[in-house]
Amino acid sequence: MRATAILLLAAAVPSAWASSFDDSQAFLRTYCASCHGGNKPAGGFNVAEVGAAASLDVRGERWGRILSRVRNSEMPPRGVAAPDLTARESFTKWIDDSLHAAACASGPAADPAPIRRLNRDEYTATVRELLDTHLNVGHDLPADGAGGQGFDNAAEVLFLSPVLAEKYMDAAKQALEFAVRDSRARARIGIVEPSAALTPLAAARKILAGFLPRAFRRPVTERESEPFLALFRSAQRDHQSFDNSVVFMLRGVLMSPRFLFISAPPNAGRMARPFDDYALATRLSYFLWGGMPDEMLFDLASLGKLRDPDVLKEEIGRMLRSGKAMGFVESFVTQWLGTRTLGRDFVPDAKLFPKYAADAELRADIGFQPTVFFHTLLATNAPVTDLLDSNWTILTKKLATLYGIDPKQFKGDLGEQPRTVDLPAGSHRGGLLGMSAVLAVSSYPYRTSPVLRGKWVLDSLLGTPPPPPPQNVPALEEHAGAAQPQSMRERLSRHRDNPVCAGCHSRIDPLGFALENYDALGQWRTEESGKPIDNTGELPDGTKFAGPDQMKAVLLARKDLFLRSFTSRVLGFALGRGLTRKDSCAVDAILAQLADNGYRSQALIEALVMNPVFRNRAGAEQP
Amino acid sequence: MPHRLLALSLLAFTLSAADVTGIWTGIWTEPNRDPQDFSFRFTQTGGTLSGKMYGDNESIPLKDAKIEGDRISFTVTTEMNGQINKFTFSGDVHDGGMELTRERESSSKNKKEDKPAPKQTLRLRRLA
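Starting afresh in each chain, residues are numbered from 1 along the sequence in its written order. Here chains are named by letter from A upward and ligands by number from 1 upward, in the order in which they appear as written. A pLDDT threshold of at least 70 governs which residues receive local features in this predicted model, and a stricter bar of 80 or more applies before side-chain atom pairs are shown or counted, although totals over entire chains, interfaces and linings include all residues.

K.L.:
Which parts of the structure should I look at to understand the overall build of chain B?
P.N.:
A tally of helices and strands in chain B yields one helix and nine strands. Residue burial is a threshold on neighbouring C-beta atoms within 10 Å of the residue's own C-beta, all placed from the backbone, with 20 or more meaning buried, 12 or fewer meaning exposed, and counts in between meaning partly exposed. Counting the 128 residues in chain B, one finds 19% classified as buried. A pair of residues counts as a contact when their C-beta atoms, built from backbone coordinates, are within 7 Å of each other. Nonlocal contacts in chain B, meaning residues at least 24 apart in sequence, comprise 30% of its contacts between residues at least 6 apart. Put simply, DSSP H or I for four residues or longer makes a helix, DSSP E for two residues or longer makes a strand, and each gets a number counted from the N terminus.

Set out below in structure tokens:
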């Protein structure tokens, strides 16, 4: 289905190669067979491997590689006859649709649930709750890279190297040594003192009985406790104090794979089966809170009630209303939109934007706006289409001023705390595209870039990132020379003159042009360097617009593309892994329920959690 | 005979009392404030009631918990940043739900300055 997305905003595309399996074979014969045929096919791939319709089922992976390489213009290679963009896209769309249909023939699939390490943020939040301490124990842990759908909770990247294991060991030591000196943390851990009636070992056993099930997020047997009691005994033999022995024992717990990794009981059966209540509690809490289950989730799991659909729906609502949902929201939003880099790797130029450089509060307000907006959207069950455009937003006094909005026009003065406000007409600030954080990270530090912004819209909002530029083609915007035209639009117009560039830039650039009224910090402007801003754009299908409001209307009119992309991102985050073609069937089902519920944000989360892909663990034979 | 009558009447009373054992939840809404979830776990043995109120991090035990017929009451004491607040919940169990009134006693530190807190009504549903 992603190829559907490639047909970005085009109402209809001539389908020279798109309509049937036979057409796909004609494409392969024309553009691929000369190299990928015969006795010694290039790269060991012979088009004959995919010469039968059944290959869509049995050689789906091979078709997927063809799709990827043709879509990214890696094939055919330079110097041989290549299809034009229309033929290329209609061919890849046909592959995508065909593979989707083949994968979904048996309905939504269950989750293979790969084991994964708690990432840095999850580890920090989990230790914080386990020990009831505000210590940032993950401070010295390295940041996790992104994987899967672009998030740092993806199983693909969350392995544990020996070096990293040492860092976790240090973090656990630091956290526990702090905790045993803090009365609140001691109570939370359940530290009981040895006495005449309670030997040190019995006290340790009692501590472990309370602590271990919470740390492992499920009931534990006595046998599972033994290795940790052995650590306690060992420390006692070394004449360590009781507290030090407890720390030694609990360090073992915090280094256990059962704590450090999220894993569900294996499913050795052939068919999928539901996750048990405790695994479901863990999946829910790391999805919606980015931390461990709370006592109520554990209680519901112990009663065997969490899998009850009515109970589950109630819990989803409670979890989304909780302040802990910010754990999910902040992680998801800042990675999805790329705003996590703002103020770190990406800093607007201090000379051009002195207000940003000088005002820490303003910087914080800019950074928080998309996150608080998304949290409010979820908590109030507003439609997800509000992410594209809305008649409300989140403002502080400083943000309103930055945006040229009079902060006094709202009931109850705007202050330092972010507040939901109804936007005045003509504010141009509805949805994500009116937010400074988004507009800044899709610019250069010193100026806007219609190319970067267009690419941002295609990638982050629509899930249709353009292919990488062809090799050996210099970046147009960086061209220097006396004959260089003055305005950005004039410079970028050269994209249209160069057929190598025109195919993609005819889609990228217009979207960026429509946002040119925002400077690199997102402030509204009507002219640049003394010349009026030209905010007009025209898509390949002839759709014309001027300015952000009209562009957002175009996006909303064709919202399916955004909804599919957004749903896929949320699903990838929820599952903590990259999506496969099978998962697109779950996306279909979630989208259908979303549409039935007026695109309400909580309906999306509910539909996702109730879907087999979230609730069921795959067996050896799917589903 | 009188003993037997007393035992029978006690049995009848016990049977007629609502059994609230389980997890109950409700949302308290207030103008211009985020909705707040309240969740409780009750354990009822005859006329004896115990339980806890779920908190963000850990639960708080219910004190002075009583259930007589359909009437239920208990107190919860919270501590935040050194400020101690005692809340009394009381109300009825009916139609499968629970309607409670919450009253806050004055803070331990500012008893003289505290204005009497308004009563708030909370409706709970049995979750599990």
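K.L.:
What is the right way to look at the pairing of strand β6 (residues 71-80) of chain B in this model?
P.N.:
Looking along a regular strand, one sees side chains alternate from face to face of the sheet. Residue and element names in this part refer to chain B. In this scheme, strands are said to pair when DSSP sees at least two bridges between them. In this sheet, β6 lies alongside strand β5 (residues 63-68) in antiparallel orientation, the contact comprising four bridges. Its bridge partner being in β6, E68 is matched across the sheet by R71. The hairpin formed by β5 and β6 contains two residues between the paired strands, and G69 there has a positive phi angle of roughly 65°. In this structure, β6 lies alongside strand β7 (residues 83-94), joined through ten bridges in antiparallel fashion. When the bridges of β7 are listed, E79 appears paired with I84. Linking β6 to β7, which pair antiparallel, is a turn of two residues; within it N81 sits at a positive phi near 50°.

K.L.:
Sorry if this is basic, but what is going on with the interface of chain B and chain A here?
P.N.:
Many descriptions give the size of an interface as the accessible area lost when the pieces come together. In this complex, chain B contributes 13 residues to the contact, which on the side of chain A involves 14 residues. At the level of secondary structure, the elements contributing two or more residues to the side of chain B that touches chain A comprise β1 (22-28) and β2 (36-45) of chain B. Among the elements that make up the side of chain B that touches chain A, the one with the highest residue count is β2(B) (three residues). Grouping the constituent residues of the side of chain B that touches chain A by class yields five nonpolar, four polar and four charged. Under the convention adopted here, Pro, Cys and the residues Ala, Val, Leu, Ile, Met, Phe, Trp and Tyr are nonpolar, Asp, Glu, Lys and Arg are charged, and Gly plus all remaining residues are polar.

K.L.:
In this structure, what is going on with the domain arrangement of chain A? I would like to understand it.
P.N.:
Entries for chain A in the domain assignment read domain 1 (2-103), domain 2 (116-262) and domain 3 (339-467 + 484-556). Domain delimitation follows an automatic or database domain assignment. Computed over C-alpha atoms only, the centres of domain 2 of chain A and domain 3 of chain A are separated by 44 Å.

K.L.:
Could you clarify how one ought to interpret the packing of helix α10 (residues 222-237) of chain A against helix α11 (residues 242-255) of chain A in this entry?
P.N.:
Think of two packed helices as two axes; the pair is described by the angle between the axes and how far apart they sit. All names here are of chain A. Axis geometry follows a simple rule: fit a line to the C-alpha atoms, using only the stretch in contact for helices, then measure angles between N-to-C directions, giving values from 0 to 180 degrees. Two elements in contact, α10 and α11, have axes whose closest approach is 8 Å; the angle formed by their N-to-C orientations is 150°. In terms of orientation, α10 and α11 fall into the roughly antiparallel class. Between α10 and α11 lies a crossing whose hand is right-handed. For the pair formed by α10 and α11, the contact residues are P227, F228, L231, F232, A235 and Q236 on the first element and N244, S245, F248, M249, G252 and V253 on the second. Taken together, the residues of the contact of α10 with α11 sort by class into eight nonpolar, four polar and no charged. Angle categories are assigned with fixed cut-offs, so that under 35 degrees is roughly parallel, over 145 is roughly antiparallel, 65 to 115 is roughly perpendicular, and the rest are oblique. Helix crossings get a hand from a simple test, with the near helix turned counterclockwise from the far one by less than a right angle marking a left-handed crossing and a clockwise turn marking a right-handed one.

K.L.:
I tried to follow the confidence of the model for chain A on my own but got confused; where do I start?
P.N.:
Close inspection of predicted coordinates is inappropriate in any region flagged by low pLDDT. All names here are of chain A. For every residue, the predictor assigns a confidence score, pLDDT, that lies between 0 and 100. Scored by pLDDT, chain A comes out at a mean of 90, with 94% of its residues at no less than 70. For the stretch residues 1-17, pLDDT sits under 50, and the model shows 55 contacts to residues farther than four places along the chain or on other chains. Here residues 478-482 scores under 50 on pLDDT; set against residues more than four positions off or in separate chains, the count is two contacts.

K.L.:
I would appreciate a short explanation of helix α25 (residues 559-575) of chain A in the present structure.
P.N.:
Residue and element names in this part refer to chain A. The span you would expect from a helix comes to 1.5 Å times its residue count less one. Compared with the 24 Å implied by 1.5 Å per residue over 17 residues, the 24 Å span of α25 between its first and last C-alpha is a close match. The element α25 is extensively covered by neighbouring structure, given that 15 of its 17 residues are classed as buried. Phi for G576, located one or two positions after α25, is positive at around 65°.

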